[in-house]
Amino acid sequence: MQRGWFARRSRIEGLALDEMNDAWVKCNGCQQILFARDFERNLKVCPRCGHHHRLSARERIELLADPDTFVERDAEVVSADPLGFPEYADKLSKGRANSGLPEAMVSGTCTLSGIPIVLAVADFAFMGGSMGSAVGEKVARAMEYALEQRLPIVICSCSGGARMQEGLLSLMQMAKTCAVAAKLHEAGVPYISVLTDPTMAGVLASYASVGDVVVAEPGALIGFAGQRVAQQAQVVKPPPNFQTAEFQLEHGMVDIVVPRKELKHTLHRILRFFTGG
Amino acid sequence: MQRGWFARRSRIEGLALDEMNDAWVKCNGCQQILFARDFERNLKVCPRCGHHHRLSARERIELLADPDTFVERDAEVVSADPLGFPEYADKLSKGRANSGLPEAMVSGTCTLSGIPIVLAVADFAFMGGSMGSAVGEKVARAMEYALEQRLPIVICSCSGGARMQEGLLSLMQMAKTCAVAAKLHEAGVPYISVLTDPTMAGVLASYASVGDVVVAEPGALIGFAGQRVAQQAQVVKPPPNFQTAEFQLEHGMVDIVVPRKELKHTLHRILRFFTGG
Amino acid sequence: MRTILDFEKPIAELDANIEALKRITAEQGIDKSDEIAALERDRERLLREIFRNLTPWDRTLLARHPQRPYTLDYIRAIFDDFIELHGDRQFGDDGAIVGGMAWLNEKPVVVIGQQKGRDLKERQRRNFGMAKPEGYRKALRLMHLAEKFGRPVITFVDTPAADPGVESESRGISEAIARNLREMIMLRVPIVSVVIGEGGSGGALGIAVADRVLMQEHAIYSVIPPEGCAAILWRDPKRAPEAAEALKLTAHDALRFGVVDEVLEEPLGGAHRDPLAAAQTVKEALLRHLPPLQKLSVSKLRESRYERYRNLGMWQIATE
Amino acid sequence: MRTILDFEKPIAELDANIEALKRITAEQGIDKSDEIAALERDRERLLREIFRNLTPWDRTLLARHPQRPYTLDYIRAIFDDFIELHGDRQFGDDGAIVGGMAWLNEKPVVVIGQQKGRDLKERQRRNFGMAKPEGYRKALRLMHLAEKFGRPVITFVDTPAADPGVESESRGISEAIARNLREMIMLRVPIVSVVIGEGGSGGALGIAVADRVLMQEHAIYSVIPPEGCAAILWRDPKRAPEAAEALKLTAHDALRFGVVDEVLEEPLGGAHRDPLAAAQTVKEALLRHLPPLQKLSVSKLRESRYERYRNLGMWQIATE
Ligand SMILES: [Zn+2]
Ligand SMILES: [Zn+2]
């Protein structure tokens, strides 16, 4: 491995993970070069430093859903450009190309270790997983379906926040998703919120924070203010783990931080509490 | 007044306020000597430094109840000595003698600026206003009467906490009073908690903290741990106003700090919010 | 010191001239009423002209105008006997959100609002109207008090944003806002929100989920400040005026998107030129919107509030 | 290092002798079984004698015994698949109170308990089992989770007191306890509390309002620590043993006062001599008490819990 590392260093240096198509990848945590196959087998967790790299929505669904059980819903709900916002149409095209998805959120039903659930997963490659009207609508519909079928719902967030390009309408998705979450809450339908890297701003300050159980992946960036804004506003010096999953755990906002390889099993154990007995 | 102060200083020095029966009293706040008549007229608030001296239960009832409207209830509920606790019987006798009351709490009905209410007031002169079974029972009954009649209830606390001499039974009065408070809460019967100097420990950690509105008198000692325990436990240095009404206001535990001369009017305004419109 | 926006300068000149003439009349007994009347007509004409052509950025500046009436100004002008209540019963009392019991004519209500500061000291104490978690939690506590006693809730929205600092992050600013969104949707009493200045993103929304959202003519409501948007879009915060245009952050935009139910007219030249008249308009709107809401059953009320938010957004169905 | 209480010393000697003989048997193959059996009979007799005459102060020391099983020991021994959940969703995660989801045989439950530390580092992290406001608020959050999903709540009580420090005071330790008392009374699911060590005043009660309160034989439950009581009564904390007597803080006193519903027998010599047996007794008691509670209607359940607490106390009617 060392040999490969030396041989390929110059070519690899500075390349983001997802741009690398060959046998080697560079860890975003420790900057070490890893065998792509080991890395993939390890669920994109660095075997050296434990850094959890982002998963696409499809990868996460594969991680959590029992094989061949995921049935997508609401795939036809996609973004419009209600404000005629500069460059938005382009960004949407790029988002579709980058992610291979029609929208930044994939939702549907599946079983998780045999337990039927509704599962919704955000994809960072589509405009940073940002929440516009379509994402809000898909979250709302997924929750409504969970409510109607009385199925537990698991939502994996991965988002920079509300989607600026839809202005106030994106902001209102915070209220909309929390409105349906309120119905779930009143009806006693279990809702597990999984926070992955990153879960920020308007997503964290809405549906992602009101789960019955809030699970996070190690090292995930989780916070309200963008790093720039947060740093400008600092009177108090931020601690080294500021806005990480571990920081949020310490401050009482997250129930449990779960390494990716235990995520499915842990979700199963939590789901059993709600559905079993 | 200076003359009087010099003339009488030697005799007055070190006397507690309530032991002074003549024309002069010494302020516990600024240590100045005051005309007793001015002092009484000013509702036992020092006209110089604003220190609020303790009122007896009768005095506070006179302050709050419209003239001749207070009708006492449950005066027959008094302490037993369930543990056969050392010196308790003596302390009860002294408490009765000191306060002129059968128990550390006086409760009944009255009107406050015309609004019918249930009013319960603790008296510090009876064993430091401490809560044993009888006090707990009187609080519970006052609340039950408020519930039954759907009358707002105002409870003025003034207590060092649970009464040690009844052991676990005193501790259980915390749960008992909060149990009835829970019924008031579910029934939507307004409960205003008035914290006067001092409101501590088992009283603050039970019924006194669960009012719909929590009012405090300026400078009142309000806290959980006795000063000795709190000081021993300190890693963080307490601020100068530690465990005062103002400290509790600043930390979000008290709705409003009201000078005594405005107390009745403020309670009336708050009561109107509940009963009016 | 009074702030005068660039586009207010010609008006300020006329203001000064009119003032001067009035002073002459008062001090020297010389009748200047004809001249004054003429200048006043000029001023009115000028105001109408300037305010007919306001850009979204002009409105942003008006919404942030340091002389603009703030929540406590409206509370004083609109309600009788405001009793401010403090604290979240958990951690502290946030000066950036005020709230308490008040009377709207003959009816007891709970009033809550974001409060900026007038002078430097008050600004700091109120953190420039940027609420911390304890502010949102105080607001929620007061809403639950209102709910318990069947009193309607009125909120005034005026914040650049929720506080983005380390301490707010540590105490769960996201959780506090999210919880308010979830709880306000289900509150069993009517809620009317009035956006009176800056409707700054989630920080504003955290007290603005309501049965009726009213918005003053020159207030703004936006997912991101124009400066921040320009910085992201063009790496140049100075292009904020363009971003303000793109963001569609004006009251009439919000009305068009269904986010707002009514735009409240302001006195000519903006609320700060006649705060009492502005307050009167708000009061009349409250008195118009509250009674029909109070007549609804709790379930009807909650269901229509739910539908209001459930239906917000514009998306499309992919065909293919 | 193992702590040996004064009255445990004769037993500890026998323990050591028995150990030594067993070692000889094992290492040298010499049969010492007769001697061992004799010593074991001696030990049992001695234990019975010592434990028949325990004073309240002895029990206080046993309740605080550093080898006594703590909440997490019981959780591990009694429940299947404990998933610890963290945080109060407001401020922090208090190590002095642990809680989460677990299975009691075939039934999902929520378990909450005060947790002391075993070694110095853990003791500090868990603040010696003295919970802060965020601990009581985490507990309440988990109780509401249990309520929402119809899962019974089991709490383990073991604390010298609630944390008395400046920070806890600042964040409303009194409010946190008081709120728990009020909310626990009305919780719509069964609650069973087990006092497993020190039932220290309001700090204990803050998670101990329950349909059934069980108490281990050598646990204590008191309004004030004996040392504090002696300091107040006689200005001499050293007279704590007398105070322990006066305070009636033993399990059987608590049973007599109606504060506790059942005293759980401990293994001879105290729970720390056989933690698994102690846990087995607790488990059996839980399995005995929970099912009838789960059969009650919510209103019946709440009403009997209410009555249980409403009727606590002993006072008299003045005649005159
Ligand atoms: Zn790595
Ligand atoms: Zn004085």
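Residues numbered from 1 in each chain as written. Chains lettered and ligands numbered in written order. Predicted model: local features only at pLDDT ≥ 70, side-chain atom pairs only at ≥ 80, totals over all residues. Heavy atoms only, no water.

Draft legend 1. Looking closely at the coordination of the zinc ion (ligand 1). Residue and element names in this part refer to chain A. In this structure, C27 (SG), C30 (SG), C46 (SG) and C49 (SG) serve as the protein donors to the zinc ion (ligand 1), at separations of 2.2 to 2.4 Å. Geometry at the zinc ion (ligand 1) is tetrahedral, judged from the 4 donor atoms that bind it and their angles of 106 to 113 degrees at the metal. Read from N- to C-terminus, the donor residues coordinating the zinc ion (ligand 1) fall into the pattern C-x2-C-x15-C-x2-C. Taken together, the positions of C30 in the loop between β1 (24–26) and β2 (33–35) and C49 in the loop between α2 (36–41) and α3 (57–64) put the pair 19 residues apart, joining distant regions of the chain. Residue C49 is classed as partly exposed on the basis of its relative accessible area of 39%. (Donors = N, O, S within 2.8 Å, 3.2 Å for Na, K, Ca; no water. Tetrahedral: all angles 85-135°; square planar, octahedral: opposite > 155°, others 65-115°. Helix = DSSP H or I, 4+ residues; strand = E, 2+ residues; numbered from the N terminus. Buried < 20%, exposed > 50% of the residue type's maximum accessible area, 1.4 Å probe, protein only.)

Draft legend 2. Fine view of the coordination of the zinc ion (ligand 2). Residue and element names in this part refer to chain B. Around the zinc ion (ligand 2), the protein supplies C27 (SG), C30 (SG), C46 (SG) and C49 (SG) as donor atoms, at distances of 2.2 to 2.4 Å. Geometry at the zinc ion (ligand 2) is tetrahedral, judged from the 4 donor atoms that bind it and their angles of 106 to 111 degrees at the metal. All donors of the zinc ion (ligand 2) belong to a single chain; written as a sequence motif, their spacing is C-x2-C-x15-C-x2-C. Highlighted residues: C27 in the loop between β1 (24–26) and β2 (33–35) and C49 in the loop between α2 (36–41) and α3 (57–64), separated in sequence by 22 residues.

Draft legend 3. Up close: the packing of α3 of chain A against helix α10 (residues 260–275) of chain A. Residue and element names in this part refer to chain A. In the contact formed by α3 and α10, the axes pass within 9 Å of each other and the chain directions differ by 55 degrees. As far as their axial angle goes, α10 and α3 are oblique. Seen from α3, the contacting residues are R60, L63 and L64; seen from α10, they are R260, L263, K264 and L267. (Axes fitted to C-alpha atoms, helices over the stretch in contact; angles between N-to-C directions. Parallel < 35°, antiparallel > 145°, perpendicular 65-115°, else oblique. Contact = heavy atoms within 4.5 Å.)

Draft legend 4. Representation of helix α10 (residues 260–275) of chain B within the structure. All names here are of chain B. Counted at 1.5 Å a residue, the expected span for α10 with its 16 residues is 22 Å, and the 23 Å between its end C-alpha atoms agrees. Taken residue by residue, α10 has R260, L263, K264, T266, L267, H268, R269, I270, L271, F273 and F274 as its buried positions. Phi for G277, located one or two positions after α10, is positive at around 85 degrees. (Expected span 1.5 Å × (residues − 1).)

Draft legend 5. Inspection of unusual backbone geometry at higher detail. Across the junction of D197 of chain A and P198 of chain A, the peptide omega takes the value -10 degrees, indicating a cis bond. By the secondary structure assignment, P198 of chain A is in strand β8 (residues 191–200). Backbone geometry at A201 of chain A places phi at a positive 50 degrees, although glycine is not the residue there. For A201 of chain A, the position within the fold is in helix α7 (residues 201–204). Notably, D68 of chain B is not glycine yet its phi reads approximately 60 degrees, a positive angle. By secondary structure assignment, the location of D68 of chain B is in the loop between α3 and β3 (71–73). Relative accessible area serves as the criterion here: at 82%, D68 of chain B is assigned to the exposed category.

Draft legend 6. Quick look at the environment of H52 of chain A. All names here are of chain A. Relative to the assigned elements, H52 resides in the loop between α2 and α3. Here the alpha-carbon distance between H52 and M164, two residues 112 residues apart in the chain, equals 27 Å. Not counting the four nearest positions on each side in its chain, H52 is found in contact with K44, V45, E217, P218, P259 and R260. In terms of polar contacts, H52 uses its side chain to reach the backbone carbonyl oxygen of G50, at 2.9 Å. A polar side-chain atom of H52 sits 2.9 Å from the main-chain amide nitrogen of R260. (Polar contact = N/O pair within 3.5 Å; in protein donor to acceptor, adjacent residues only side chain to side chain.)

Draft legend 7. The interface of chain D and chain B, seen in detail. With 51 residues of chain D at the interface, the matching set in chain B holds 61 residues. Between chain D and chain B the total buried area reaches about 4700 Å² when both faces are included, carbon and sulfur atoms providing 71% of it. Among the residues chain D hides against chain B, the three largest losses belong to R182, R310 and W315 of chain D. Together they make up 16% of the total. Summed over the shared surface of chain D and chain B, the number is 4 salt bridges. The partner of R310 of chain D in a salt bridge is E137 of chain B, and the shortest N-O contact between them spans 3.0 Å. Applying the counting criterion to the chain D and chain B interface returns 16 residue pairs in polar contact (both at pLDDT 80 or more). At the level of secondary structure, the elements contributing two or more residues to the side of chain D that touches chain B comprise α7 (166–170), α8 (173–186), α9 (201–205), β7 (220–222), α10 (226–234), α11 (240–247), α14 (298–310) and β9 (315–317) of chain D. Element by element, the count of residues in the side of chain D that touches chain B is highest for α8 of chain D, at 10 residues. Of the residues assigned to the side of chain D that touches chain B, the class counts are 31 nonpolar, 9 polar and 11 charged. Where strand β4 (residues 77–79) of chain B meets β9 of chain D, 3 bridges bridge the pair, whose relative direction is antiparallel. (Buried area = accessible area lost by both parts, 1.4 Å probe. Salt bridge = Lys/Arg side-chain N within 4 Å of Asp/Glu carboxyl O. Nonpolar A, V, L, I, M, F, W, Y, C, P; charged D, E, K, R; others polar. Pairing = 2+ DSSP bridges.)

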